[in-house]
2 protein chains.
Amino acid sequence: MPADWTLHPQLDKDTAAVGDLPLCRVLLIKDAHYPWLVLVPRRPETVELIDLDEVAQAQLMTEITRVSRALREITRCDKLNVAALGNAVPQLHVHIIARRRTDAAWPRPVWGVMPPLSYDPRDMQELIDALRRKVWIEQPDLSTS
Amino acid sequence: MPADWTLHPQLDKDTAAVGDLPLCRVLLIKDAHYPWLVLVPRRPETVELIDLDEVAQAQLMTEITRVSRALREITRCDKLNVAALGNAVPQLHVHIIARRRTDAAWPRPVWGVMPPLSYDPRDMQELIDALRRKVWIEQPDLSTS
């Protein structure tokens, strides 16, 4: 019998929980440099995208889309970066990062460029609240889809 | 009427063509540090994953899976990195990179770490030929799917 899913301790340490979608836990990376989310499929022993079956892959794409649209609408960012890397933390996780041409790492990818910047706790909670409303409560805005 | 799709000149310059899948052009980045592919959906004016409609997103996931499996089987890599960034080249393109714990950038992401290393032309052609066989000719190996 497969082990139950638990969040990798490094992801737990680096993030605040936003909520659960049908497949993924949605997390906010505690780095105020960039609005930076991570989607973690709640499937044990899953390392690569290609470890997911086709149904889960389709669901992951749906959840990436829903979260990406919410993040872009809230942040009015210039570009989204979406990536499944996992060189340091093997548990499959997908980064969705809102990038601005004025951010600390632009145009480089964010990993390893700047040490994390602490959030003002109220700013972090406001972002989490806005994401929860957009992702879990509001209907998709059909004019932009 | 939308413009016809053409490959972005920077992607054209940095890559060799492997072939076309129903949605994407498959390219090999000319950097012998890493077996590094790029999938470019042949859709004009497409920047973000969320610019694709649901049918194209599903097809993209199918093509990412097929190419990822082929690349992993051929290279016996330790990890796949899959990413849509596009900060420098706005045309939507998805990187699929075969990583080894002994490669020049490990465990960092590959972007910006090392200047590209020229391929021996025969090695590059062998990799392209192996990819063409796996992706376009062989049936998927059901024992690993």
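As a reminder, the structure under discussion sits directly above these lines.
Treat the numbers as computed from the prediction; the structure is a model and nothing was measured. (Residues numbered from 1 in each chain as written. Chains lettered and ligands numbered in written order. Predicted model: local features only at pLDDT ≥ 70, side-chain atom pairs only at ≥ 80, totals over all residues. Heavy atoms only, no water.)

A. Representation of the nonpolar core in the model. Judged by nonpolar contacts, the single largest core of 66 residues is most densely connected at Leu60(A), Val94(A), Ile96(A), Leu60(B), Val94(B) and Ile96(B). Apart from residues no more than four positions distant in its own chain, Leu60(B) is found in contact with Met61(A), Leu23(B), Cys24(B), Pro41(B), Leu49(B), Leu52(B) and Val94(B). Counting residues in hydrophobic clusters, the runner-up holds 32 residues, among them Leu85(A), Ala105(A), Ile29(B) and Trp111(B). (Core = buried A, V, L, I, M, F, W, Y, C linked by side-chain atoms within 4.5 Å. Buried < 20%, exposed > 50% of the residue type's maximum accessible area, 1.4 Å probe, protein only. Contact = heavy atoms within 4.5 Å.)

B. Examining unusual backbone geometry more closely. Residues and elements named next belong to chain A. Residue Trp106 is joined to Pro107 through a cis peptide bond whose omega torsion reads 0°. With respect to the helices and strands, Pro107 occurs in the loop between β5 (94-99) and α3 (121-137). Located in the positive-phi region is Arg76, a residue other than glycine, with phi close to 50°. Position of Arg76 among the secondary structure elements: in the loop between α2 (54-75) and β4 (79-84). (Helix = DSSP H or I, 4+ residues; strand = E, 2+ residues; numbered from the N terminus.)

C. Focus on the interface of chain B and chain A. Taken residue by residue, the interface counts 28 residues in chain B and 28 residues in chain A. Where chain B abuts chain A, roughly 2600 Å² becomes buried across the two surfaces, and 58% of that area is made up of carbon and sulfur atoms. The largest per-residue losses of area from chain B upon contact with chain A belong to Ile50(B), Met61(B) and Asn87(B), which jointly make up 28% of the total buried on that side. Applying the counting rule to chain B against chain A returns two salt bridges. Residues Glu48(A) and Lys79(B) are paired through a salt bridge, measuring 2.8 Å at the closest nitrogen-oxygen approach. (Buried area = accessible area lost by both parts, 1.4 Å probe. Salt bridge = Lys/Arg side-chain N within 4 Å of Asp/Glu carboxyl O.)

D. A look at the sheet that holds strand β2 (residues 24-29) of chain A. Taken in spatial order, the ten strands make up an open sheet running β1(A)-β2(A)-β3(A)-β5(A)-β4(A)-β4(B)-β5(B)-β3(B)-β2(B)-β1(B), and their pairing is antiparallel. Of all the strands in the sheet, the pair left with one neighbour each is β1 (15-20) of chain A together with β1 (15-20) of chain B. Pairs of neighbouring strands in the sheet enclose a mean axial angle of 20°, with direction left out of account. Alignment of strand β2 (residues 24-29) of chain B against strand β3 (residues 36-41) of chain B, held across five bridges, turns out to be antiparallel. What sits directly across from Val26(B), in β3(B), is Leu39(B). Contacting β2, β3, β4 (79-84) and β5 (94-99) of chain B, helix α2 (residues 54-75) of chain B runs over the sheet at an angle of about 20° to β5(B). (Pairing = 2+ DSSP bridges. Axes fitted to C-alpha atoms, helices over the stretch in contact; angles between N-to-C directions.)

E. Region of interest: the side chain of Gln57(B). By the element assignment, Gln57(B) lies in helix α2. Residues within four places of Gln57(B) in sequence aside, it is in contact with Met61(A), Thr65(A), Leu49(B), Ile50(B) and Leu52(B).

F. Main features of the layout of surface pockets. The calculated volume of the largest pocket comes to roughly 1400 Å³. Lining the largest pocket are 50 residues, and of these Pro109(A), Val110(A), Trp111(A), Pro109(B) and Trp111(B) sit closest to its centre. Looking at the lining of the largest pocket, the elements with two or more residues in it are α1 (9-14) of chain A together with α1 (9-14) of chain B. Of the residues forming the lining of the largest pocket, the biggest block, four residues, is contributed by α1(B). Taken together, the residues of the lining of the largest pocket sort by class into 29 nonpolar, twelve polar and nine charged. (1 Å grid on protein atoms, 1.4 Å probe; cavity = no way out; pocket = protein on both sides within 12 Å on 5 of 7 lines; lining within 4 Å. Points joined across faces, edges and corners; volume = space filled by probe spheres on them. Nonpolar A, V, L, I, M, F, W, Y, C, P; charged D, E, K, R; others polar.)

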